[in-house]
Amino acid sequence: MEFSDDQYASIQNSIRLSRRGNYAFDYHAPILVVVANRKGYPNAVADSA
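Residues numbered from 1 in each chain as written. Predicted model: local features only at pLDDT ≥ 70, side-chain atom pairs only at ≥ 80, totals over all residues. Heavy atoms only, no water.

Asker: Report on the overall build of the protein chain, specifying residues and quantitative values.
Answerer: Each helix and strand counted, the protein chain has two helices and zero strands in total. When burial is assessed residue by residue, the protein chain has 4% of its 49 residues classed as buried. (Helix = DSSP H or I, 4+ residues; strand = E, 2+ residues; numbered from the N terminus. Buried < 20%, exposed > 50% of the residue type's maximum accessible area, 1.4 Å probe, protein only.)

Here it is, written out as structure tokens:
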């Protein structure tokens, strides 16, 4: 996955860590959470918190 300079720094860091292969973004949670928002919406991270 690629990232750009206009993305949140935390998302950029998550992508960098996942490239190393040892980043568990799901924290091994036993559930599945599905969220949706408008494509390109700049505040989508805050809305899904």
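Asker: Give me the lowdown on helix H1 (residues 9-20), citing residues and values where you can.
Answerer: Under the 1.5 Å per step criterion, the end-to-end length of H1 is 17 Å for twelve residues, consistent within 8% with the ideal 16 Å. In the segment just after H1, glycine 21 is the residue with positive phi, at about 90 degrees. (Expected span 1.5 Å × (residues − 1).)

Asker: With reference to specific residues and values, describe the environment of phenylalanine 25.
Answerer: Inspection of the secondary structure puts phenylalanine 25 in the loop between H1 and helix H2 (44-47). Sequence separation between phenylalanine 25 and isoleucine 15 is ten residues, and the spatial gap between their C-alpha atoms is 9.7 Å.

Asker: Could you give me a rundown of the pattern of salt bridges, with the residues and numbers involved?
Answerer: Summed over all chains, the structure comprises one salt bridge. The closest approach of N and O atoms between arginine 19 and glutamate 2, which form a salt bridge, is 3.4 Å. With arginine 19 in helix H1 and glutamate 2 in the segment before H1, this pair connects stretches of sequence that are 17 residues apart. Residue glutamate 2 is classed as exposed on the basis of its relative accessible area, which comes to 64%. (Salt bridge = Lys/Arg side-chain N within 4 Å of Asp/Glu carboxyl O.)

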